[in-house]
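Spelled out from the first residue to the last, the chains are:
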Amino acid sequence: HVLRDINSTHSVLGCAVSGVLAAWMEETAGGQVDVWVADTTDLDNPVLYPIATDVGRPLGYDPYLYGRDVISMDGSYLVWEAGGQIIGADIRDLRHPRHLTVTTSDQSWESARDPQVSQGFVVWTDIRMDGGDLYGADLSSPEPIQEIPLLLQAGTQEQADLDGDLLVYVDGAI
């Protein structure tokens, strides 16, 4: 089944699925990146919802790099990377998503990438101090969302995946 007919003027940067919901980042030929969710309860007639518009391209995004996710969804939470920052949305009400600012870099360069969300907790790779450390945040906490350092050590820790309270990651160079 086709959820959205994308022609040569659009491209999909990444996708995620949770239950009957599918999400993706879509880039137009003009460079605008939007975030969409489809409710596939009726797979023959999916209902599309624009979640965020003109969010910015994931920093250094290369479709040929492996092990790099730009969007993740679990239950009522959706997170994505935009310009080296992690942004999210509470999508319990798809018509009126509540947008969440997860990271706010005070660096001259943006540093967050590869978000993964599970049960309202998001983890990501942060490269502000070295090749990569792991940070997280509880999305269900009241604003402002607080970044939590999870693993800060020399070298590179990245490509985190999360399921409940189990966190796995790559330690060292790929």
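Of all hydrophobic cores here, the largest spans 21 residues; its most connected members are Ile51, Ile71, Leu78, Trp80 and Ile91. Looking at this core, the elements that each hand over two or more residues are strand 1 (10-18), strand 2 (21-28), strand 3 (33-39), strand 4 (47-52), strand 5 (71-74) and strand 6 (77-82).

Next up on the list: the sheet that holds strand 2. Overall, antiparallel pairing links the four strands, which are arranged 1-2-3-4 in an open sheet. In this open sheet, the two edge strands, each paired with only one partner strand, are strand 1 and strand 4. Going across the sheet, the axis of each strand differs from the next one's by a mean of 25 degrees, ignoring polarity. By the bridge criterion, seven bridges tie strand 2 to strand 3 in an arrangement that is antiparallel. Directly across from Glu26, in strand 3, lies its bridge partner Asp34.

What follows covers the side chain of Asp90. Note that Asp90 resides in strand 7 (residues 85-90). Among the polar contacts made by the side chain of Asp90, one reaches the side chain of Arg92 at a distance of 2.4 Å. Ignoring any residue separated from it by four or fewer positions in sequence, one finds Asp90 in contact with Ser76, Tyr77, Pro97, Arg98 and Leu100.

Turning our attention to a nonpolar patch on the surface. A surface patch of nonpolar side chains, amounting to about 290 Å² of accessible area, comprises Ile148, Leu150, Leu167 and Tyr169. Looking at the nonpolar patch, the elements with two or more residues in it are strand 12 (148-151) and strand 14 (166-171). Here Tyr169 lies in strand 14.

Rules used throughout
- Residues numbered from 1 in each chain as written.
- Predicted model: local features only at pLDDT ≥ 70, side-chain atom pairs only at ≥ 80, totals over all residues.
- Heavy atoms only, no water.
- Core = buried A, V, L, I, M, F, W, Y, C linked by side-chain atoms within 4.5 Å.
- Buried < 20%, exposed > 50% of the residue type's maximum accessible area, 1.4 Å probe, protein only.
- Helix = DSSP H or I, 4+ residues; strand = E, 2+ residues; numbered from the N terminus.
- Pairing = 2+ DSSP bridges.
- Axes fitted to C-alpha atoms, helices over the stretch in contact; angles between N-to-C directions.
- Polar contact = N/O pair within 3.5 Å; in protein donor to acceptor, adjacent residues only side chain to side chain.
- Contact = heavy atoms within 4.5 Å.
- Patch = residues over 30% accessible without salt bridge, like charges linked within 9 Å, V, L, I, M, F, W, Y side chains within 5 Å.
- Areas by Shrake-Rupley, 256 points an atom, 1.4 Å probe, with all protein chains shown as cover.
- Salt bridge = Lys/Arg side-chain N within 4 Å of Asp/Glu carboxyl O.

Honestly, that's just the spatial picture; any functional story needs more than this.
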